[in-house]
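Here is how the chains run, residue by residue.
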Amino acid sequence: PPHPGGFRAAAASTAATAAADLPAMSSPIRSSAAVIPTAAEDSSADGRDSSSVLQQECTRLLVEDSGSMGDCAGRRGRAPRWLYASVPVAAVLLVAAAFVSSHQHTTLRAGKVQSEFEVLVETSDEQALEAGKPKVLPDADMMLQSDLMKQAMEQQAGLVESEQKLADLQRTQEEKVEKMQREREAKEAKEKREKKEREEAARKAVAQKKAEAAKKKAEAAKKEADEKQKEEDRKRREAAEKQEQEEPKQESGAGMSMLLGALDEILEGSPPTTTTAPPKTKAHGFEILSNGTCHGHGLFPIAHSSVCSLAASELVLADNTSKVSNATSRPEGCYLEEGKLWFAENEHNQGHGASDDRRQICMTKARKHHEDEQLEKLLGKQAEEKAAVEKRHKEELKKEQEELKKEREERKERREKEKRERAEQKLQKHLDKEERVVQSWENDEKTVPNVTLYCFSLMMPFGYEPGLLHEQKLRGVGIYACDEAVVFSNTTTLMSGEPSPVEVSLIPGSLAVAYGGRWMTALNTGVFNRLWMEVIRLGRYRYHDWVVKVDPDSVFFPSRLRELIRHKSPYNEQQVQRRVEEPNELRCGNCRLNGKEHETCASHVRLWQQEGHTCKKALELTSRDPPNDCGCDCDDFACDLPGSAMYLNNCQWGLHGPIEVLSRRAVATYAAGLPKCVGLLQNPWGEDKFLDQCMQELGVTRANEYSLLSETACGEEPAPCGNSNVAFHPFKSIQSYFTCYEYANKYGMGPASPPVFPDLEDAQGGGMGDIMMKYQEHSI
């Protein structure tokens with residue numbers, strides 16, 4: 001590795017340059033970055049005051065050793081406490097050397113790890129430092145064994161948890177199917193019940209209509225029968241009168257004598273006496289009995305009230321309208337009581353005859369035969385009329401049923417037509433929405449510029465990481481699918497003595513870290529601060545839109561990240577993306593106009609922006625040579641672009657380190673404002689939480705994007721990698737890594753993948769009928 005002193009000077013110079021390139025940042029950040037000493041200032045350090053010396057020392061510790069920054073931040077006005085810690089550090093190093101020499105009988109691998117690894121002493125605890133008890137890491141062999149045990153336990157726990165989740169998923173699916181089956185059966189039963197109720201109501205309505213029609217027809221038939229009966233009675237009376245007129249001639253003499261007597265009385269002057277025909281006891285087959293029964297006299301009782309009235313008319317009785325009686329102890333059939341005509345209907349009067357006050361009216365056998373024939377004819381006629389009525393009723397009922405069936409079919413057709421029209425309208429809206437989504441995506445593809453990614457990883461010179469990165473490079477996946485990729489490490493030779501299988505860019509210092517904090521995580525803030533400073537020193541990130549730090553065991557898909565950034569707000573907004581090209585030679589210091597040498601190029605760029613020019617136009621105007629303008633060659637860092645510094649938070653519990661995505665301006669802000677985050681180093685955090693908190697301290701926009709990462713430590717189950725995430729972690733073996741990669745490529749899609757709508761494609765291909773059928777089935 002290069003000499004630490006030279007690296008510190010280069011890193012400090014990079015931080016000062018970044019601070020000068022960010023005029024849009026707040027003044028506290030610029031002032032903090034501005035005091036970082038450069039290599040040229042080291043030679044003239046004699047004239048500096050004590051505060052400047054202290055600031056330089058803090059900056060050095062920030063770059064080289066984060067473990068002593070808390071001690072630096074806690075002292076002002078005295079010599080740095082790290083000088084007091086030199087004796088304990090030397091003692092610890094001697095103890096470590098003695099420990100290594102006493103274990104020469106260990107394996108060759110452990111000996112190599114111990115010989116190559118340095119023991120990093122980091123302490124931010126002032127009391128532990130003063131007591132001379134610095135924290136010492138376990139040796140490399142213990143760390144390796146712990147890592148292997150941890151991996152085995154994680155795999156076993158993951159297997160058990162996967163089996164449990166599979167069983168839970170299967171049980172949930174079965175419960176869901178049973179619930180759907182119950183709901184479907186309940187719905188079918190409800191539909192059947194409602195259908196039955198509707199049919200029953202329709203039948204009742206039809207039956208009620210039929211009953212009313214039948215009642216009206218029966219009343220009309222009864223009325224017609226009564227009128228016919230009266231007509232027959234009238235005809236019989238006329239026939240009886242005619243028969244009486246044709247009685248034997250013996251009655252004519254008596255009549256003549258009576259006529260002559262009346263004539264004599266007229267001649268003598270006395271008025272004639274008027275006589276009425278007396279009632280008869282026997283006439284036209286009817287006879288009145290004063291005692292006995294009809295059968296006792298060889299006659300037959302009258303069995304119908306209409307015949308009773310006819311008999312009264314034939315016998316010339318004063319009352320010829322029979323009244324019905326239900327009393328007992330009455331003569332059977334037709335009888336006279338006190339001059340009134342009655343007809344006994346009570347069956348208990350059968351066999352009873354006439355008494356003193358009740359005279360029975362009977363009829364002869366011939367008359368009975370005649371009346372039976374008339375009654376049979378009447379009953380036959382009534383039966384025919386009833387059959388005709390029932391036939392008409394059946395025909396009307398059949399016609400009503402046919403009309404009702406036709407009406408139901410027409411109503412069903414109307415409902416189906418309306419339902420089909422609604423489904424077609426709904427489907428058309430659905431297809432229009434899908435078409436708008438596709439059109440929006442296509443417009444974005446045409447208008448939104450492509451984004452470039454600068455990706456890097458930190459590789460440990462032992463373990464699974466070198467082989468895993470080598471396989472990624474061979475297949476062109478992971479960071480090697482980015483626009484520019486680099487792997488950092490502190491050596492080009494592995495612990496096994498073999499050269500690194502991938503090209504690496506060196507960073508100074510040891511990569512060994514302590515473990516601690518609430519979750520016993522790697523306290524690697526110092527290592528990654530040096531890594532970020534090297535990224536900033538190289539400056540290649542300035543030529544790309546976004547910077548991505550990826551762990552080697554993260555299955556990373558750069559294409560998914562590009563689609564996400566290009567098609568989702570706020571990442572695709574103009575102020576976040578890089579809008580201008582980098583100049584061939586960056587000259588963005590002070591203005592070269594006469595009298596304006598004390599002004600910076602960035603201030604002139606912002607003046608042009610205030611006059612309404614875009615960033616690109618303002619840079620072009622400022623690049624004109626004097627006397628037209630300052631003659632500055634700047635990039636977009638000189639522009640005032642509020643909100644363009646942004647980083648993506650990938651977990652609901654805060655930023656996690658397997659993948660870290662920052663805009664290029666966020667990286668520059670981090671470089672210039674890093675001294676402001678000195679106070680955060682005293683916390684037992686990993687690099688991801690330190691980066692998250694420092695970014696918020698510097699005012700960088702934090703955008704939550706949980707589709708970036710699927711990780712066990714974030715409460716998710718990444719395997720088998722079928723979700724629409726950008727990265728999956730952890731997969732430490734080559735087999736598990738590429739199994740995840742292939743599965744994600746085959747079954748997964750990115751969080752902002754191109755929209756694919758089979759229905760829309762089928763509709764555009766002319767298969768609208770099939771889509772409609774599927775859509776209706778889906779709706780049902």
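Throughout what follows, the structure given in this document is the object of discussion. (Residues numbered from 1 in each chain as written. Predicted model: local features only at pLDDT ≥ 70, side-chain atom pairs only at ≥ 80, totals over all residues. Heavy atoms only, no water.)

Considerations on unusual backbone geometry
Both trends apply: most residues other than glycine have a negative phi, and most peptide bonds are in trans.
Move 1: With an omega of 5°, the peptide bond running from Ala 719 to Pro 720 counts as cis.
Move 2: Turning to its location among the elements, Pro 720 is positioned in the loop between strand 18 (709-711) and strand 19 (727-729).
Move 3: Going from His 729 to Pro 730, the amide bond is cis rather than trans, its omega being 0°.
Move 4: By the secondary structure assignment, Pro 730 is in the loop between strand 19 and helix 20 (734-747). (Helix = DSSP H or I, 4+ residues; strand = E, 2+ residues; numbered from the N terminus.)

Remarks on the pattern of salt bridges
Move 1: In the structure shown here, the tally under the stated rule is 28 salt bridges.
Move 2: Of the charged contacts in the structure, one is a salt bridge between Glu 231 and Arg 234, with a shortest N-O distance of 2.1 Å. Taken together, the residues Glu 231 and Arg 234, both in helix 9 (residues 140-245) and three residues apart, mark about one turn of the helix.
Move 3: Between Lys 549 and Glu 687 there is a salt bridge, and its shortest N-O distance comes to 3.1 Å. You can see Lys 549 sitting in strand 13 (residues 546-550) and its partner Glu 687 sitting in helix 19 (residues 687-697), a full 138 residues away along the chain. The burial state of Lys 549 is the same as that of Glu 687; both residues are buried. (Salt bridge = Lys/Arg side-chain N within 4 Å of Asp/Glu carboxyl O. Buried < 20%, exposed > 50% of the residue type's maximum accessible area, 1.4 Å probe, protein only.)

Here we look at the sheet that holds strand 14 (residues 555-556)
Move 1: The strand order across the open sheet built from three strands is 14-19-18, with neighbouring strands paired in mixed fashion. Every interior strand has two partners, whereas the edge strands, strand 14 and strand 18, have only one.
Move 2: For strand 14 and strand 19, the ladder comprises two bridges, and the chain directions are antiparallel. The residue bridging Val 555 from the neighbouring strand is Phe 728, located in strand 19. (Pairing = 2+ DSSP bridges.)

Observations regarding the sheet that holds strand 10 (residues 504-506)
Move 1: Read from one edge of the open sheet, seven strands run 10-9-8-13-16-15-17, paired in mixed fashion. Because the sheet does not close on itself, it has two edges, and the strands there are strand 10 and strand 17 (701-704). Taking each pair of neighbouring strands and ignoring which way they run, the sheet shows an average axis angle of 30°.
Move 2: Across the sheet, helix 15 (residues 558-567) is in contact with strand 8 (453-458), strand 13 and strand 16 (659-663); its angle to strand 8 comes to roughly 135°. (Axes fitted to C-alpha atoms, helices over the stretch in contact; angles between N-to-C directions. Contact = heavy atoms within 4.5 Å.)

Section: the state of the cysteines
Move 1: On inspection of all chains with the given rule, the structure shows nine disulfides.
Move 2: Bridging Cys 588 to Cys 634, the disulfide has an S-S length of 2.0 Å. A torsion of 95° about the S-S bond marks the disulfide between Cys 588 and Cys 634 as right-handed. Within this pair, whereas Cys 588 is found in the loop between helix 15 and helix 16 (601-610), its partner Cys 634 is found in the loop between helix 17 (615-622) and strand 15 (646-649), the two being separated by 46 residues in sequence.
Move 3: Bridging Cys 591 to Cys 630, the disulfide has an S-S length of 2.0 Å. In this structure, the disulfide formed by Cys 591 and Cys 630 twists by about -90° around the S-S bond and is classed as left-handed. Note that Cys 591 is positioned in the loop between helix 15 and helix 16 and Cys 630 in the loop between helix 17 and strand 15, a separation of 39 residues in sequence. Across this residue pair, the class does not change: Cys 591 and Cys 630 are buried. (Disulfide = S-S within 2.5 Å.)

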